[in-house]
Amino acid sequence: MSAALPTVHGNGCDAPVLKERGQREVFCGLTGILWLHRKMQDAFFLIVGSRTCAHLMQSAAGVMIFAEPRFGTAVMEEKDLAGMAVMDEELDRVVARLLERRPEIRTVFLVGSCPSEVIKLDLHRAAERLEERADGVRFIHYSGSGIETTFTQGEDSCLRALVPRLPEAPSGHANLLVVGTLADVVEEQLLRLFRELGVGPVDFLPGRTAEALPPVGPDTRVLAAQPWVNDTLRALTGRGATLLPAPFPLGAEGTTEWIRAAARAWDVSDDRVDQVVAPARARARRALDRYREALEGRSIFFFPDSQLEIPLARFLSREMGMRLVEVGTPHLDADHMTEELKLLPAEIRLAEGQDVERQLDRCREAGPDLTVCGMGLANPLEAEGLRTKWSIELVFTPIQGFEQAGDLAELFHRPLDRAQRLKV
Ligand code: SF4
């Protein structure tokens, strides 16, 4: 149902937010395993779920190429769901076989699902039991269930579960903690800039291994790299860290302001930041110039899906001149989105949550040049003559930082270009 239209908050964009709570068309949090397992090279993700969960992961992963996947499913049978069998036995058996076959695994994430939540399987107790038994292997549990969550929240739940395990940073240890998965290549580029600015030491959560956990303490400064890590940020501030407000590192502007937020915390002047980022920013702007003419003035509609919608809308409107018809987001955490909301145009339709039929009606009525949506909606909309972009592609592709700004613009240019060619 559509509700009254409260404004976002007092100090940024004052656009009204359309709050919707209806039928949702999104993947569940298990999907996050697809990028998390590639990032944390010593981790294994064991889904405690049904055959449906196993099939979802197989088909979602089917579009990707793995040497050896580091995820699997302990399948709950019907008798488990009815509480007739002890799921613990199945878990113990699967885990013993896994650790025997893959001795390099140092952290096992037990990932809950809708079925395990419905029967209230105690994964906390299971993780404790398995960790006691396993020799030096860490067991951490979190939920990837699709009940009232969207697919990127799986990463937030995973990282949130790691926070209590982070070692305590000694007082005076002023580190920068970047939160949210970034491609290794992006991490390296950003690290080089931070080094040049004298900002650091810099840690990443998640890191390249789940074993090497970054320290956190009262002098830790936290910078969010992804817009879906809200619970993790709260847990980190709960451990004394300070959150640095910043837009997300998308596009030349977003990346500059993101780096500037960290630099200010290290007392580096804005002039120095501009000087250090100038060559990379100029490259990014040149890359964006190639696509601006094709994107400028074109209209775009975002269905709520990945939580990247608001930062992407900001980038497309400010740096590419696109016209925002509607920007839907599954959740609007105004506290962590403040710096983005400030940069959005005043005349904007923001929608939080989903009522898919109503959104489809609004989208059809507006007839945007481009629609960003989940895979399930893309095919029918394409059949109706609308051009679409899968939001999940924006999650899997490295799009953050200066060097990737052109690739980001190209992702939006591609469907429009294809449509133009087909017309010709
Ligand atoms: Fe489906 Fe829930 Fe399993 Fe996700 S966790 S695949 S939504 S049953």
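For clarity, every value in this text was computed on a predicted model and none was experimentally measured.

Engineer: Account for the overall build of the protein, naming residues and giving values.
Structural biologist: When you go through the protein residue by residue, the secondary structure sums to 17 helices and 14 strands. The C-alpha atoms of the protein give a radius of gyration of 22 Å, which matches the 22 Å a tight globule of 424 residues would have. Across its three principal axes, the protein shows a C-alpha extent of roughly 60 × 55 × 45 Å. The burial tally for the protein puts 48% of its 424 residues in the buried class. Contacts spanning at least 24 positions in sequence make up 74% of the contacts within the protein whose residues lie at least 6 apart.

Engineer: Run through the sheet that holds strand 3 (residues 71-75), naming residues and quoting values.
Structural biologist: Sheet strands pair via backbone hydrogen bonds, and the direction of the pair is either parallel or antiparallel. Spatially, 3-2-4-5 is the arrangement adopted by the 4 strands of the open sheet, whose pairing is parallel. In the strand order of this sheet, the two ends are held by strand 3 and strand 5 (138-143), each with one partner. On average, each strand axis in the sheet is inclined to that of its neighbour by 25 degrees, with strand direction left out of account. Of the strand pairs in this sheet, strand 4 (residues 107-112) and strand 5 are connected by 6 bridges, and their pairing is parallel. Its bridge partner being in strand 5, V108 is matched across the sheet by F139. Helix 6 (residues 123-133) rests against strand 2 (43-49), strand 4 and strand 5 of the sheet, and its axis sits at about 170 degrees to strand 5. Sitting on the sheet, helix 7 (residues 153-162) is in contact with strand 4 and strand 5, with an inclination near 140 degrees to strand 5.

Engineer: Any chance you could break down the site of the ligand for me, citing the residues and the numbers?
Structural biologist: Close to the ligand lie C28, L30, G49, S50, T52, C53, L56, S113, C114, G144, S145 and G146. No other element matches the 3 residues that helix 2 (residues 51-61) contributes to the shell around the ligand. By residue class, the composition of the shell around the ligand is 5 nonpolar, 7 polar and no charged.

Engineer: Let's hear about the packing of helix 10 (residues 251-265) against helix 11 (residues 270-295): which residues, and what values?
Structural biologist: Where helix 10 meets helix 11, the closest approach of the two axes is 9 Å, and the angle between their N-to-C directions is 160 degrees. Put simply, helix 10 runs roughly antiparallel to helix 11. For helix 10 against helix 11, the interelement crossing comes out right-handed. Contact residues: A252, T256, I259, R260 and A263 in helix 10; D270, V273, V277, R281, A284, R285 and L288 in helix 11. Across the contact of helix 10 with helix 11, the residue classes break down as 7 nonpolar, 1 polar and 4 charged.

Engineer: How would you explain the nonpolar core if you had to name every residue and give the values?
Structural biologist: Formed by 119 residues in total, the largest nonpolar core has its most connected members in F45, L46, L110, V111 and V179. With 8 residues, helix 11 is the largest single contributor of residues to this core. When sequence neighbours within four positions are dropped, the list of residues in contact with L110 reads L46, V48, L123, A126, A127, F139 and H141.

Engineer: Quick one: what's the story with unusual backbone geometry, residue by residue and with numbers?
Structural biologist: In most cases, non-glycine residues show a negative phi, while peptide bonds are predominantly trans. Cis geometry marks the peptide bond from G200 to P201; its omega dihedral reads 5 degrees. Relative to the helices and strands, P201 is located in the loop between helix 8 (184-197) and strand 7 (202-205). With an omega of 0 degrees, the peptide bond between L205 and P206 qualifies as cis. As for its position among the elements, P206 is in the loop between strand 7 and strand 8 (221-224). Phi at K120 is positive, roughly 55 degrees, even though this residue is not glycine.

Engineer: Which residues make up the domain arrangement of the protein, and what are the values?
Structural biologist: By domain assignment, the protein separates into domain 1 (17-25 + 275-423), domain 2 (29-149) and domain 3 (176-268). Using only C-alpha atoms to locate each centre, domain 1 and domain 3 end up separated by 24 Å. At the interface, 31 residues of domain 1 touch 28 residues of domain 3. A per-class count over the side of domain 1 that touches domain 3 returns 16 nonpolar, 6 polar and 9 charged.

Engineer: Can you break down helix 12 (residues 309-318) residue by residue, with the values?
Structural biologist: By the criterion of burial, helix 12 is predominantly enclosed, with 8 of the 10 residues buried. Of all the positions in helix 12, only E309, I310, P311, L312, A313, R314, F315 and L316 are classed as buried. On its buried side, helix 12 packs onto helix 10, strand 10 (299-302), strand 11 (323-329), helix 13 (334-341), helix 16 (391-396) and helix 17 (405-423).

Engineer: Any chance you could break down the pairing of strand 2 for me, citing the residues and the numbers?
Structural biologist: Counting buried residues along strand 2, 7 of its 7 residues qualify, which places the element largely inside the surrounding structure. Because side chains alternate across strand 2, one face comprises the buried residues A43, F45, I47 and G49, and the other comprises F44, L46 and V48, equally buried. Note: strand 2 against strand 4, 6 bridges, orientation parallel. Of the residues in strand 4, the one forming a bridge with V48 is G112. The pairing of strand 2 with strand 3 spans 5 bridges and is classified as parallel. Within strand 3, the residue paired with I47 across the bridge is T73.

Engineer: So what about the environment of G321? Which residues, and what values?
Structural biologist: By secondary structure assignment, the location of G321 is in the loop between helix 12 and strand 11. Measuring from C-alpha to C-alpha, the distance between G321 and E296 comes to 4.5 Å, with 25 residues separating the pair along the chain. Discounting chain neighbours no more than four positions away, the residues touching G321 are R292, L295, E296 and G297.

Engineer: I'd like to hear about the sheet that holds strand 7, residue by residue, with values.
Structural biologist: Here we have 4 strands laid out as an open sheet, ordered 7-6-8-9, and parallel in their pairing. Taken across any chain shown, the strands that pair with only one partner, and hence form the sheet edges, are strand 7 and strand 9 (242-243). Relative to strand 8, strand 6 (residues 176-179) runs parallel, the two sharing 4 bridges. Bridging from a neighbouring strand, V179 pairs with A224 of strand 8.

Engineer: Help me get a handle on the packing of helix 11 against helix 17, residues and values and all.
Structural biologist: Put simply, helix 11 and helix 17 touch, their axes get as near as 9 Å, and they point 20 degrees apart. Between helix 11 and helix 17, the crossing angle belongs to the class labelled roughly parallel. Where helix 11 crosses over helix 17, the two elements pack in a sense that is left-handed. Facing helix 11, whose interface residues are A284, A287, L288, R290, Y291, A294 and L295, helix 17 presents A405, G406, A409, E410, F412, H413, L416 and D417. For the contact of helix 11 with helix 17, the residue count by class is 10 nonpolar, 2 polar and 3 charged.

Definitions and cut-offs
Residues numbered from 1 in each chain as written. Predicted model: local features only at pLDDT ≥ 70, side-chain atom pairs only at ≥ 80, totals over all residues. Helix = DSSP H or I, 4+ residues; strand = E, 2+ residues; numbered from the N terminus. Rg over C-alpha atoms; globule rule 2.2 N^0.38 Å. Buried ≥ 20, exposed ≤ 12 C-beta atoms within 10 Å, placed from the backbone. Contact = placed C-beta atoms within 7 Å. Pairing = 2+ DSSP bridges. Axes fitted to C-alpha atoms, helices over the stretch in contact; angles between N-to-C directions. Near = placed C-beta within 6 Å. Nonpolar A, V, L, I, M, F, W, Y, C, P; charged D, E, K, R; others polar. Parallel < 35°, antiparallel > 145°, perpendicular 65-115°, else oblique. Left-handed = near helix turned anticlockwise from the far one by under 90°. Core = buried A, V, L, I, M, F, W, Y, C linked by C-beta atoms within 7 Å. Domains from an automatic or database assignment.

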